[in-house]
Amino acid sequence: MTYIQTAFTGGTGARPITAFSRQIARALEARLADAPAEVERKAVFAIVKRAAPALGIGIGALQTLEHLIGYTHADDWKAGRSPIAWPSNLTLAEVAGKTVSAIKARLRQLRALGLILARDSGHGRRTGRRDENGAISAAFGVDLSPLRIRFEELRQLADAYSAQSRLFKEGRQEIARVRRIVSQAVAQAADMRLTGSHWLDLQLAIDRVAAEAAKASSARDSDPFQDALGRLSEVEQLVATTIDRYMFPENNGGSGSKNEPSIHIQTRPHSIKDVQATRNCSSDPNGPAHIAADLPASPSNSRFDARPAELMEMFPTAAMYVGARRPAWSDIHRAASRLRNDLGIRIGVYVDALDKLGPDAAAVAIMITAERHSRAEIRLTPGAYFAGMIGKAKRDELDLAKSLWGFRTERIAAH
């Protein structure tokens, strides 16, 4: 018989049904052989307290149970003995600062959950005595033996409840992480003046997963909660696909992409990103376009000027992904997006890069990662290396201009 599923529905003041009490007692007696030889008195309440949320014990009932355990001796919890406490309801009420009716209701809940038994005397009073060694020689009152008999069951229940709580907590954190990725991707699209229902679909996708997880968590149902978490990877993949398809498509000439052939970077330390880009767009009949590039400040106060064609010479690994004979910045962005996938860079980290650095600097960071990986200069993985770069960017320590100067110097020396 499982007592943790027994609901407490009675009013206050009444004695438990005799048949029900006997049923509990018989079930517990059948488990005596499997009960631990002895348990520590302090450990008993600690276990019950941990299992309380799963058992459905009210705070008041838990308090009274602690008081009852306090009336027992450590030796009462040894094998062959019965931990019985015999304080009156009036005494328990005074200790708890409650009414006698409230104490009766608490005891009735504890009995209904199979945590205590009533050992009544003929006149219905609680009484007991101990011998010269402190052992109980006779007692009528509240029998706490069920706690010793069910100790291992309660421990497993507490462990399972704690594990489930960790699952829910970690799951909510994971949902928050993916929600942040979606929010950053949508914000980046808005910043680039990109429109379309596909960006709204990202928000709807994470909202559906979050709603399913919240419903399962509220019902304390692990299986549907884990099913919802399993769909988070689909949401992340949807973000990656949407970015690749709609943020840097082949025909992305008028929705935030930059097709001009050159970029001018001027950075200053300890300042907000301050970069000016000057690009000559062959498709623009009005001549050069002046677009501000969102690039990080250089801690070394470095300045770097480069054209996409020169970047392709500096980064031959990335050049294989570009293909265009006269690459524009939109070609660089698309190549970086494809490189991200092949390098194993998580979409969340890539979205962080777009959010912190912008498409230009994010693309440069990916090209640097790809080149160092091809040279076997990365100890861990390309994804970890790139994540480290973005971590530096968040601390305003990333110096892309200095790195670009290093690659340019190598190229010149090689020629």
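The structure this text deals with has already been given above.
Residues numbered from 1 in each chain as written. Predicted model: local features only at pLDDT ≥ 70, side-chain atom pairs only at ≥ 80, totals over all residues. Heavy atoms only, no water.

Observations concerning the pairing of strand S3 (residues 127-130)
1) Next: Relative to strand S4 (residues 136-143), S3 is paired through 4 bridges, and the arrangement is antiparallel. Across the sheet, residue Arg130 finds its bridge partner in S4, namely Ile136. (Pairing = 2+ DSSP bridges. Helix = DSSP H or I, 4+ residues; strand = E, 2+ residues; numbered from the N terminus.)

Structural notes on unusual backbone geometry
1) Next: One non-glycine residue with positive phi stands out, namely Arg220, at about 55 degrees.
2) Next: Within the secondary structure, Arg220 is located in the loop between helix H8 (197-218) and helix H9 (222-230).
3) Next: Judged by relative accessible area, Arg220 falls into the partly exposed class, the value being 30%.
4) Next: At Ala376, a position not held by glycine, the phi torsion is positive, near 60 degrees.
5) Next: Mapped onto the elements of the fold, Ala376 is located in the loop between helix H14 (347-374) and helix H15 (382-394).
6) Next: Classification of Ala376 as exposed rests on a relative accessible area of 68%. (Buried < 20%, exposed > 50% of the residue type's maximum accessible area, 1.4 Å probe, protein only.)

Here's the deal with H15
1) Next: Taking 1.5 Å of rise per residue, the 13 residues of H15 would be expected to cover 18 Å, and the 18 Å separating its terminal C-alpha atoms lies within 8% of that figure.
2) Next: Taken as a whole, H15 has its buried residues at Pro382, Gly383, Phe386, Met389, Ile390, Gly391 and Ala393.
3) Next: Tucked inside the fold, the buried residues of H15 contact H14 and helix H16 (400-414).
4) Next: Following H15 by one or two positions, Asp396 adopts a phi angle in the positive range, close to 60 degrees. (Expected span 1.5 Å × (residues − 1). Contact = heavy atoms within 4.5 Å.)

Thoughts on the pairing of S4
1) Next: Both strand S1 (residues 84-85) and S4 contribute to a ladder of 2 bridges, which runs antiparallel. Within the sheet, the bridge partner assigned to Ala85 lies in S4 and is Val142.
2) Next: As judged from the 3 bridges shared by strand S2 (residues 117-119) and S4, these two strands associate in the antiparallel manner. Paired with Ala118 across the two strands is Val142, which belongs to S4.
3) Next: Counting the residues that bridge the hairpin from S3 to S4 gives 5 residues, and of these Gly134 lies at a positive phi of roughly 90 degrees.

As for the nonpolar core
A general feature of soluble globular proteins is that nonpolar side chains tend to end up buried together.
1) Next: Counting residues in hydrophobic clusters, the biggest one holds 66 residues, and the most contacted among them are Val239, Ile243, Met247 and Phe315.
2) Next: With 15 residues, H14 is the largest single contributor of residues to this core.
3) Next: Residues Ile47, Ala93, Leu154 and Leu157 belong to the second largest nonpolar core, which totals 32 residues. (Core = buried A, V, L, I, M, F, W, Y, C linked by side-chain atoms within 4.5 Å.)

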